[in-house]
Amino acid sequence: MPNATSLLPARVVLDWRKGQVSDQPAPCVLCGRPALCRSPAKDLPCHKSCAEAWITGHARTPDHLARLIAAHTPKGAA
Ligand SMILES: [Zn+2]
């Protein structure tokens with residue numbers, strides 16, 4: 001499927017309004033810079049923008065994209 005990526009949106013936007021935030025910065029698992037946000041998927045320090053970029057780069061199909069977004073959206077988000 002050489003054109004599979006053309007089916008994906010250019011940019012993922014996650015809803016982390018109900019996400020966990022620490023009062024202690026820790027190195028982001030993706031970029032290594034201090035982050036207060038915690039990934040809803042694994043409770044690891046991670047910037048929202050880094051998670052969005054990671055999902056955009058790793059989703060292989062629209063269905064996979066939807067599952068990644070669901071996994072990285074905090075429970076209870078609208
Ligand atoms: Zn980051």
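Note that this is a predicted model, so its numbers are computed, not measured.

Participant: What should I look at first to understand the pattern of salt bridges in this one?
Facilitator: Two side chains of opposite charge can pair, provided their charged atoms sit close to one another. According to the stated counting rule, one finds 4 salt bridges in the structure shown. R17 is the salt-bridge partner of D15, the closest N and O atoms lying 2.8 Å from each other. Of the charged contacts in the structure, one is a salt bridge between E52 and K48, with a shortest N-O distance of 2.5 Å. Note that E52 and K48 are positioned in helix α1 (residues 48–58) at a spacing of 4 residues, about one turn of the helix. By relative accessible area, which is 27% here, K48 ends up partly exposed. Overlapping salt bridges, with partners in common, bring together R11, K48 and E52 in one network.

Participant: Looking at this structure, how should I read the coordination of the zinc ion?
Facilitator: Ideal values differ by geometry: the angle at a metal is 109.5 degrees with four tetrahedral donors, but 90 or 180 degrees with six octahedral donors. Coordination of the zinc ion by the protein is provided by C28 (SG), C31 (SG), H47 (ND1) and C50 (SG), with metal-donor distances spanning 2.0 to 2.4 Å. Metal-centred angles of 99 to 119 degrees between the 4 donor atoms at the zinc ion mark the site as tetrahedral. Mapped onto the polypeptide sequence, the residues donating to the zinc ion form the spacing pattern C-x2-C-x15-H-x2-C. One end of the pair, C28, is in the loop between β1 (21–27) and β2 (34–37); the other, C50, is in helix α1, and 22 residues separate them in sequence. Among the residues examined, C50 registers a relative accessible area of 15% and is labelled buried.

Participant: Sorry, what's going on with the packing of α1 against helix α2 (residues 62–71) here?
Facilitator: Each packed pair of helices is defined by two parameters, the angle between the axes and the distance between the axes. Their axes nearest at 9 Å, the elements α1 and α2 cross at an angle of 155 degrees. One way to sum up the angle between α1 and α2 is to call them roughly antiparallel. The handedness of the crossing between α1 and α2 is right-handed. Here α1 contributes W54, I55 and H58 to the contact with α2, which in turn contributes H64, L65, L68 and I69. When the residues that make up the contact of α1 with α2 are grouped by side-chain class, the tally is 5 nonpolar, 2 polar and no charged.

Quick notes on the rules
Residues numbered from 1 in each chain as written. Predicted model: local features only at pLDDT ≥ 70, side-chain atom pairs only at ≥ 80, totals over all residues. Heavy atoms only, no water. Salt bridge = Lys/Arg side-chain N within 4 Å of Asp/Glu carboxyl O. Helix = DSSP H or I, 4+ residues; strand = E, 2+ residues; numbered from the N terminus. Buried < 20%, exposed > 50% of the residue type's maximum accessible area, 1.4 Å probe, protein only. Donors = N, O, S within 2.8 Å, 3.2 Å for Na, K, Ca; no water. Tetrahedral: all angles 85-135°; square planar, octahedral: opposite > 155°, others 65-115°. Axes fitted to C-alpha atoms, helices over the stretch in contact; angles between N-to-C directions. Parallel < 35°, antiparallel > 145°, perpendicular 65-115°, else oblique. Left-handed = near helix turned anticlockwise from the far one by under 90°. Contact = heavy atoms within 4.5 Å. Nonpolar A, V, L, I, M, F, W, Y, C, P; charged D, E, K, R; others polar.

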